[in-house]
Amino acid sequence: MENMRLDKFLSNTTGESRSRIKEILKAGRVKVNSETAKDPSLKIFPDTDSVELDSKAVVYEKFRYYMLNKPAGCVSATKDKLSETVLDFFRGENMDGFFPVGRLDKDSEGLLLITNDGMLAHNLLSPSGHVEKVYFVELDRKLEEDDRIKIENEIDIGDDKPCLPAKVETKENNTALISITEGRFHQVKRMFAAAGYEVKYLKRIAMGSLFLDEKLKPGGYRKLSDEDICPLRKKEQYG
Ligand code: URA
């Protein structure tokens, strides 16, 4: 890995702002290769240099992964002139280079993976990956059995090609679970619309092996561990 400014390295690893890092450096709390370092612009090699903050090793994580329980009303983008974005919930974290993996509509809720790992995002989103996404939906009326079967079996939503087969499970009070492996624009709403239903509420509850942590309130997030992420990786692409 290339070299990096010490303040950027510390900001990325600790989540502190660059101005806070400047204070920390000035206070002499950081050592690089056992020498106190106070210069924020010092160039270090994250792979080989040893950095300590308050005598504890600081380990560089090239990639970080978060699960966000997206609330309705924010957009799945990194910047927006008018609306709150999904990155706005990460107050106090350094989120340079982070982005949501795929999109949920502004009025949709639920599981959104936020990372700076482009390769993982590509694997999860590429049509050939066939990663299963599960959505909980509330409809404007009870789902009839013949319509459930229609939605499961390559329903035509007006695109060049019909949808790939889906799994649909009817639940109580006009609700259902639907699993799809594609990620077309407004796909779930359009699949139900093609069968004559309006989706009143939509929440993503799973993506591949990752399940929404029900302990997360809307707008809440948690950092994902290696155990969470490893099953989503294609092993051969990582050293
Ligand atoms: N399908 C939709 O229609 N909307 C979403 O937000 C996600 C999937």
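Cut-off values and rules
- Residues numbered from 1 in each chain as written.
- Predicted model: local features only at pLDDT ≥ 70, side-chain atom pairs only at ≥ 80, totals over all residues.
- Heavy atoms only, no water.
- Helix = DSSP H or I, 4+ residues; strand = E, 2+ residues; numbered from the N terminus.
- Buried < 20%, exposed > 50% of the residue type's maximum accessible area, 1.4 Å probe, protein only.
- Contact = heavy atoms within 4.5 Å.
- Areas by Shrake-Rupley, 256 points an atom, 1.4 Å probe, with all protein chains shown as cover.
- Lys, Arg positive; Asp, Glu negative; His and termini not counted.
- Charge placed at Lys NZ, Arg CZ, Asp CG, Glu CD.
- Salt bridge = Lys/Arg side-chain N within 4 Å of Asp/Glu carboxyl O.
- 1 Å grid on protein atoms, 1.4 Å probe; cavity = no way out; pocket = protein on both sides within 12 Å on 5 of 7 lines; lining within 4 Å.
- Points joined across faces, edges and corners; volume = space filled by probe spheres on them.
- Core = buried A, V, L, I, M, F, W, Y, C linked by side-chain atoms within 4.5 Å.
- Near = heavy atom within 4 Å.
- Polar contact = N/O pair within 3.5 Å; in protein donor to acceptor, adjacent residues only side chain to side chain.
- Sits in = over half its atoms within 2 Å of the grid points.
- Nonpolar A, V, L, I, M, F, W, Y, C, P; charged D, E, K, R; others polar.
- Phe/Tyr/Trp six-rings, centres within 6.5 Å; stacked < 30°, edge-to-face > 60°.
- Lys NZ or Arg CZ within 6 Å of the ring centre and 35° of its normal.

Caption draft 1: Representation of the overall build of the protein chain. Scanning the protein chain from terminus to terminus reveals 6 helices and 15 strands. For the protein chain, the C-alpha atoms occupy an extent of roughly 70 × 40 × 30 Å along the three principal directions. Sorting the 239 residues of the protein chain into buried and exposed places 46% on the buried side. A fraction of 63% describes how many contacts in the protein chain between residues 6 or more apart in sequence connect residues 24 or more apart. When the accessible surface of the protein chain is split by element, carbon and sulfur atoms take 49% of a total near 13,200 Å². The average position of the 40 basic charges and that of the 42 acidic charges among the side chains of the protein chain differ by 5 Å.

Caption draft 2: Layout of the pattern of salt bridges. Inspection of the entire model under this criterion finds 21 salt bridges. Across the pair R18 and D7 runs a salt bridge, and its minimum N-O distance is 3.6 Å. Here D7 lies in helix 1 (residues 6–14) and R18 lies in helix 2 (residues 18–26), a separation of 11 residues in the sequence. A residue is classified by how much of its surface remains accessible, and R18, at 37% relative accessible area, is partly exposed. Note that R190 is salt-bridged to D159, the shortest N-O span being 2.5 Å.

Caption draft 3: View of the layout of surface pockets. A volume near 610 Å³ is recorded for the largest pocket. Lining the largest pocket are 29 residues, with R103, Y135, G183, R184 and F185 sitting closest to its centre.

Caption draft 4: Region of interest: the nonpolar core. Formed by 32 residues in total, the largest nonpolar core has its most connected members in I114, I151, I178, M191 and F192. If you list the elements that add at least two residues to this core, you get strand 7 (65–70), strand 9 (109–115), strand 10 (133–139), strand 12 (175–180), helix 5 (187–194) and strand 13 (199–207).

Caption draft 5: Looking closely at the site of the ligand. In the vicinity of the ligand, the contacting residues are L104, D105, S108, Y135, H186, Q187, V188, K189 and L202. In this structure, an oxygen atom belonging to the ligand sits 3.5 Å away from a main-chain N or O atom of Q187. When the ligand is considered free in solution it has 240 Å² of accessible area, and contact with the protein chains removes 96% of it. Assessed atom by atom at 2 Å from the grid points, the ligand resides in the largest pocket. Of the residues forming the shell around the ligand, the biggest block, 3 residues, is contributed by helix 5. Classifying every residue of the shell around the ligand by side-chain character gives 4 nonpolar, 3 polar and 2 charged.

Caption draft 6: Layout of the packing of aromatic side chains. Evaluated as defined, the whole model comprises 6 aromatic pairs. When the ring of F9 is compared with that of Y60, the centres are 5.7 Å apart and the planes differ by 25 degrees; the resulting orientation is stacked. Of the two residues, F9 is situated in helix 1 and Y60 in the loop between strand 6 (56–57) and strand 7; the sequence distance between them amounts to 51 residues. Take F9 and Y60: they sit in the same class, and that class is buried. Seen in terms of ring centroids, Y66 and F98 are 6.2 Å apart; in terms of plane orientation they differ by 55 degrees. Their pairing is tilted. Highlighted residues: Y66 in strand 7 and F98 in the loop between strand 7 and strand 8 (99–100), separated in sequence by 32 residues. The ring of Y197 has R141 lying over it, and the distance from NZ or CZ to the ring centre is 3.9 Å.

Nothing here speaks to function; it is all geometry.
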